[in-house]
Amino acid sequence: MNIGEASGRSGLPAKTIRYYEDIGLIRPDRGGNGYRDYGSDDVHKLRFLNRSRSLGFSVDECRQLLALYEDKSRASADVKEIATAKLTEIDRKIRELTELRRTLEHLVHACHGNERPDCPILEELSEG
């Protein structure tokens, strides 16, 4: 199948599919005319990558997960280690965002939002 059909079946834009090919995540066959020829295995990998990326895994982590997926002698502990590290990273980001939200909410409530030039938001930003 051509890249347009692979795109439709995988849910990924053609540009992303080409990028994944450029960095070696997928290797579609080439037809006699030189065009990419995607098979069902390629589409399956593309869906795997799409889902992995949607869960926040980096391209390098996706590469590791894909290699583990293709390795039938893999240990599930290796997969769990990658997923656990991602979960820890997500939890850290949530804590950081929660603190940012708390700080900004405090500043918004402290600002009167009237015609006066005094603004605690700008004062906080200038104090850094």
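Just so we're clear, the structure is a prediction, and the values are computed from it rather than from any experiment.

**Looking at the domain arrangement of the protein chain**
Then comes step 1: The domain boundaries assigned to the protein chain delineate domain 1 (1-58) and domain 2 (75-128).
Then comes step 2: The C-alpha centroid of domain 2 is placed 35 Å from the C-alpha centroid of domain 1.
Then comes step 3: If you look at the interface, domain 1 gives 4 residues, while domain 2 gives 4 residues.
Then comes step 4: It is L55, G56 and F57 that lose the most area in domain 1 upon contact with domain 2, and together they represent 95% of the buried surface on that side.

**So, the packing of helix α1 (residues 3-10) against helix α2 (residues 14-22)**
Then comes step 1: Orientation of α1 relative to α2, taken along the N-to-C sense of each, is 100°, at an axis distance of 9 Å. Relative to α2, α1 is oriented roughly perpendicular. Residues I3, A6, S7 and S10 of α1 pack against A14, I17 and R18 of α2.
Then comes step 2: Broken down by class, the residue content of the contact of α1 with α2 amounts to 4 nonpolar, 2 polar and 1 charged.

**Overview of the environment of Y19**
Then comes step 1: In this structure, Y19 sits in helix α2.
Then comes step 2: We classify Y19 as partly exposed; its relative accessible area is 43%.
Then comes step 3: For Y19 and V79, which are 60 residues apart along the polypeptide, the C-alpha to C-alpha distance reads 24 Å.

**Topic: the pattern of salt bridges**
Then comes step 1: The tally for this structure, following the rule as stated, stands at 11 salt bridges.
Then comes step 2: Among the ionic pairs, K86 bridges to E89, the shortest N-O distance being 3.1 Å. One end of the pair is K86 and the other is E89, both in helix α5 (residues 76-110) and 3 residues apart, which spans about a single turn.
Then comes step 3: According to the relative accessible area criterion, K86 is buried, its value standing at 6%.
Then comes step 4: Between D118 and R116 there is a salt bridge, and its shortest N-O distance comes to 3.3 Å.
Then comes step 5: The class for D118 is partly exposed, based on a relative accessible area of 47%.
Then comes step 6: Judged by relative accessible area, which is 56%, R116 ranks as exposed.
Then comes step 7: Overlapping salt bridges, with partners in common, bring together E61, K86, E89 and K93 in one network.

**Comments concerning the UniProt feature "coiled-coil region" (unreviewed entry) in the protein chain**
Then comes step 1: Per the UniProt record, "coiled-coil region" (unreviewed entry) is annotated on residues 80-110.
Then comes step 2: In the segment residues 80-110, helix accounts for 100% and strand for 0%; the C-alpha atoms at its two ends are 45 Å apart.

**Observations regarding α2**
Every α-helix carries 3.6 residues per turn, so stepping three or four residues along brings you back to the same face.
Then comes step 1: Listed in full, the buried residues belonging to α2 are I17, Y20 and E21. Take α2 and look down its axis: the buried residues cluster within an arc of 100°, on one side only. In α2, the exposed positions that point more than 90 degrees away from the buried face belong to K15 and D22.
Then comes step 2: Where α2 is buried, its residues meet α1, β1 (29-30), β2 (36-37) and α3 (40-54).
Then comes step 3: A positive backbone phi angle near 85° is found at G24, which sits one or two residues after α2.

Criteria and thresholds
- Residues numbered from 1 in each chain as written.
- Predicted model: local features only at pLDDT ≥ 70, side-chain atom pairs only at ≥ 80, totals over all residues.
- Heavy atoms only, no water.
- Domains from an automatic or database assignment.
- Contact = heavy atoms within 4.5 Å.
- Buried area = accessible area lost by both parts, 1.4 Å probe.
- Axes fitted to C-alpha atoms, helices over the stretch in contact; angles between N-to-C directions.
- Helix = DSSP H or I, 4+ residues; strand = E, 2+ residues; numbered from the N terminus.
- Parallel < 35°, antiparallel > 145°, perpendicular 65-115°, else oblique.
- Nonpolar A, V, L, I, M, F, W, Y, C, P; charged D, E, K, R; others polar.
- Buried < 20%, exposed > 50% of the residue type's maximum accessible area, 1.4 Å probe, protein only.
- Salt bridge = Lys/Arg side-chain N within 4 Å of Asp/Glu carboxyl O.
- UniProt positions renumbered as here; feature names shortened; annotations may be inferred.
- Arc of directions from axis to C-beta.

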